[in-house]
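Structural features, examined
Residue strings, one per chain:
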Amino acid sequence: SVSDDGTIESRVVVVDEECIDCDSSVGSSAGDSGSSDQNSQSTNNPSEGLEEGTQSGGGTTSNYALELASSVRIMIQMGDNFDHGVDCSLGDWGLCYTKTLMIDYLSETEYLNNEFKIYFSSIHRVLAVDHPDFVHEHITGDLTLIKPADTFQGFKPMTRVNVPLVLEYWSVQETDNMPRWFVVDDRDGSTAVIPNTDTEEIHNFVVPYTSTLKTASDNSIPMTAASRFTLNLKTVKEVDASTRIIPTPYKTTMNGAQSFNINGILLGNVQ
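Residues numbered from 1 in each chain as written. Predicted model: local features only at pLDDT ≥ 70, side-chain atom pairs only at ≥ 80, totals over all residues. Heavy atoms only, no water.

Moving on: the packing of aromatic side chains. Under the defined criterion, the tally for this structure stands at twelve aromatic pairs. With a centroid separation of 6.0 Å and an interplanar angle of 35°, the aromatic rings of Phe116 and Phe155 are classed as tilted. Of the two residues, Phe116 sits in strand β3 (residues 116–121) while Phe155 sits in the loop between β6 (143–148) and β7 (159–168), which places them 39 residues apart along the sequence. Taking the relative accessible area as the measure of exposure, Phe116 reaches 1% and is therefore buried. Here Arg187 stacks its cationic end above the ring of Tyr64, 3.8 Å away from the centre of that ring. (Phe/Tyr/Trp six-rings, centres within 6.5 Å; stacked < 30°, edge-to-face > 60°. Helix = DSSP H or I, 4+ residues; strand = E, 2+ residues; numbered from the N terminus. Buried < 20%, exposed > 50% of the residue type's maximum accessible area, 1.4 Å probe, protein only. Lys NZ or Arg CZ within 6 Å of the ring centre and 35° of its normal.)

Quick look at the structure:
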């Protein structure tokens, strides 16, 4: 405010402290004061107006995805690459294979919600989900999801649900199955990784393969660390190293120590 002699006076009001001369004017009209009171009241409760399930600061008080993810275990069991009697007409070259997605629900409480999706990475296109309670959807690239169908009645306590899948081409390696499956719940937009798939240990979520044949006439022999070592021994004991030198020497002389001397390359004789 300005005094009669033109001096600028100022006043500081401390909130929540006793006001000595609150009745005097500080250059504000009564209407402005009322507006200020309303603004003060509207900010006294920072949580007011937030949706249920949230708190100030953007955090959430609920995580529906974690509730389900922590209660399930995913296991994948390879089926057959051939002679499975499945219609493969949707697959490239008419090729497909089968496997079973096993969902173990480990909670002792029945789960009835159907607003969740389970996302996973699949290097082979999912052609069909052969279960009335689940459907699948391709998202982008290798990202696919399965979600409850309208017939889904929930997960019963301590039960396993087997979901047959049909995929394109064939699978001969356990590492064809990608880890870190995760749940998304539409109720609060939350996400959570299914714990037993959050690993690099493939057998935590994949049942060991019993066959690596792509077709009935496939004669391929699966390689192991031991068989590769045995095969590589031939390069040391059975293969003439002189024939593997690049560029090939014009002349080599071998001595008893199985070493050789390179005399050079005679470019003049090159045809």
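Its location among the elements puts Trp93 in the loop between β1 (72–78) and β2 (96–105). Judged by relative accessible area, Trp93 falls into the exposed class, the value being 71%.

Let's shift gears to the sheet that holds β2. Spatial strand order, β1-β2-β7-β4: four strands in an open sheet with antiparallel pairing. Each end of this open sheet is capped by a strand with a single partner; those strands are β1 and β4 (126–129). Strand-to-strand twist of the sheet, defined as the mean angle between neighbouring strand axes without regard to direction, takes the value 25°. (Pairing = 2+ DSSP bridges. Axes fitted to C-alpha atoms, helices over the stretch in contact; angles between N-to-C directions.)

A separate point is the side chain of Asn113. Structurally, Asn113 is set in the loop between β2 and β3. Asn113 sits in the buried class, given a relative accessible area of 14%. At 2.8 Å, the side chain of Asn113 and the backbone nitrogen of Glu115 are in polar contact. (Polar contact = N/O pair within 3.5 Å; in protein donor to acceptor, adjacent residues only side chain to side chain.)

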